[in-house]
Amino acid sequence: MSHTIRIAPDIHVVPVEHFNARGLRRCVVPGAGCSYETEVTGVHEATADLWRDCNGAILMRITSSGYSWSYRVLNGSGQPLPDDTEHMEDLTFVVSQKLFRWMTEDAADLPPFDN
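What counts and how
Residues numbered from 1 in each chain as written. Predicted model: local features only at pLDDT ≥ 70, side-chain atom pairs only at ≥ 80, totals over all residues. Heavy atoms only, no water. Salt bridge = Lys/Arg side-chain N within 4 Å of Asp/Glu carboxyl O. Helix = DSSP H or I, 4+ residues; strand = E, 2+ residues; numbered from the N terminus. Expected span 1.5 Å × (residues − 1). Buried < 20%, exposed > 50% of the residue type's maximum accessible area, 1.4 Å probe, protein only. Contact = heavy atoms within 4.5 Å. Pairing = 2+ DSSP bridges. Polar contact = N/O pair within 3.5 Å; in protein donor to acceptor, adjacent residues only side chain to side chain.

So, the pattern of salt bridges
Here comes step 1: Taken as a whole and assessed by the stated rule, the structure comprises four salt bridges.
Here comes step 2: Where Arg 52 meets Asp 83, a salt bridge forms, and the shortest distance between an N and an O atom there is 3.8 Å. A residue pair is termed long-range when its members are at least 10 positions apart, and Arg 52 in strand 4 (residues 42–52) and Asp 83 in the loop between strand 6 (67–75) and helix 1 (85–105) qualify at 31 residues.
Here comes step 3: Three or more residues are tied together by salt bridges with common partners; here these are Arg 25, Arg 52 and Asp 83.

Thoughts on helix 1
Here comes step 1: Taking 1.5 Å of rise per residue, the 21 residues of helix 1 would be expected to cover 30 Å, and the 30 Å separating its terminal C-alpha atoms lies within 8% of that figure.
Here comes step 2: Within helix 1 the residues assigned to the buried category are Met 88, Leu 91, Thr 92, Val 94, Val 95, Ser 96, Leu 99, Trp 102 and Met 103.
Here comes step 3: Turning to helix 1, the residues buried within the fold contact strand 1 (5–8), strand 2 (11–16), strand 3 (25–38), strand 4, strand 5 (58–64) and strand 6.

Concerning the pairing of strand 4
Here comes step 1: Bridge count for strand 3 against strand 4 is 10 bridges, and the pairing is antiparallel. Paired with Arg 25 across the two strands is Arg 52, which belongs to strand 4.
Here comes step 2: A loop of three residues connects strand 3 with strand 4, the two strands running antiparallel in sequence.
Here comes step 3: Both strand 4 and strand 5 contribute to a ladder of six bridges, which runs antiparallel. Looking across to strand 5, one finds that Arg 52 is bridged to Ile 58.

Considering the side chain of Asp 83
Here comes step 1: Engagement of the side chain of Asp 83 in a polar contact is seen with the side chain of Arg 25, the distance being 3.3 Å.
Here comes step 2: Within polar-contact distance, the side chain of Asp 83 engages the backbone nitrogen of Val 28 at 2.9 Å.

Honestly, that's just the spatial picture; any functional story needs more than this.
In structure tokens:
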């Protein structure tokens, strides 16, 4: 059973099965990402791509180091996050910050947002 993960006061994500993005509409802000480099291990990158499903919900796929995780994005009350510039910029800012922390502090082969 999927559980809701709060990534910001008004942004929650729910893990979902991998989805086929063919035919889905990209969001106003289509994605976010981050990268960092170390002398020892080189460049590390993570990308979050964002789509709208046929019911208006935002679906997010995060990819990094050959791994992929899928999520549904909800607002604080459990409803789909609006697909407008303000909400999407807030979402991508939070996701970029969380991805950077996850890549630099957590085990990158474990799902992001787990803690």
